[in-house]
Amino acid sequence: MPQPNQAQIRSTMLAQRKRLDPKSYRQASLQLCEKILNSHLIESHQNFGVYFSHRHEISLAPLMESLWQQGKICTLPMPHPLDNHTLWFLPYTPETPLI
């Protein structure tokens, strides 16, 4: 049986996420964030790349809040202004203006 390609996997995952009701979505978000927060990586690192959820992705908002409370740095991916194939990870706080 042939392996699914990336587009097929993304499509399948999006369809599964769309079927989640709001309570299940919130629970999945909290479970993922809790698993990350219990990881040894939290203690040994200061900077964390995060994202804003869209298209029914799991929200990392609870993770970001906890990281900030611990004095950690959250960064968001931004396309490099001169190279669309490169991402910069820039610091993000609740006060950071988004444009």
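So, here's what we can say about the structure. (Residues numbered from 1 in each chain as written. Predicted model: local features only at pLDDT ≥ 70, side-chain atom pairs only at ≥ 80, totals over all residues. Heavy atoms only, no water.)

Looking at the element boundaries, P97 is found in the segment after β3 (87-92). You can call P97 exposed: its relative accessible area is 66%. For the pair formed by P97 and Q6, sequence separation is 91 residues and the distance between their alpha carbons is 33 Å. (Helix = DSSP H or I, 4+ residues; strand = E, 2+ residues; numbered from the N terminus. Buried < 20%, exposed > 50% of the residue type's maximum accessible area, 1.4 Å probe, protein only.)

The subject of this paragraph is helix α4 (residues 61-69). When we look at burial in α4, the residues that qualify are P62, L63, M64, S66 and L67. In this fold, the buried residues of α4 make contact with α2 (22-37), α3 (40-44), β1 (47-49), β2 (73-79) and β3. Looking one or two residues past α4, G71 carries a phi angle of roughly 80 degrees, positive in sign. (Contact = heavy atoms within 4.5 Å.)

Moving on to the side chain of K72. Structurally, K72 is set in the loop between α4 and β2. Here K72 is buried and forms no salt bridge, its nearest opposite-charge partner E43 lying at an N-O distance of 8.3 Å. There is a polar contact of 2.7 Å between the side chain of K72 and the backbone oxygen of I42. Not counting residues up to four positions away in its chain, the partners in contact with K72 are I42, E43, H45, Q46, F48 and L67. (Lys, Arg positive; Asp, Glu negative; His and termini not counted. Salt bridge = Lys/Arg side-chain N within 4 Å of Asp/Glu carboxyl O. Polar contact = N/O pair within 3.5 Å; in protein donor to acceptor, adjacent residues only side chain to side chain.)

Taking 1.5 Å of rise per residue, the 13 residues of helix α1 (residues 6-18) would be expected to cover 18 Å, and the 18 Å separating its terminal C-alpha atoms lies within 8% of that figure. Residue N5 occupies the N-cap position of α1, its side-chain oxygen lying 3.0 Å from the main-chain nitrogen of A7. (Expected span 1.5 Å × (residues − 1).)

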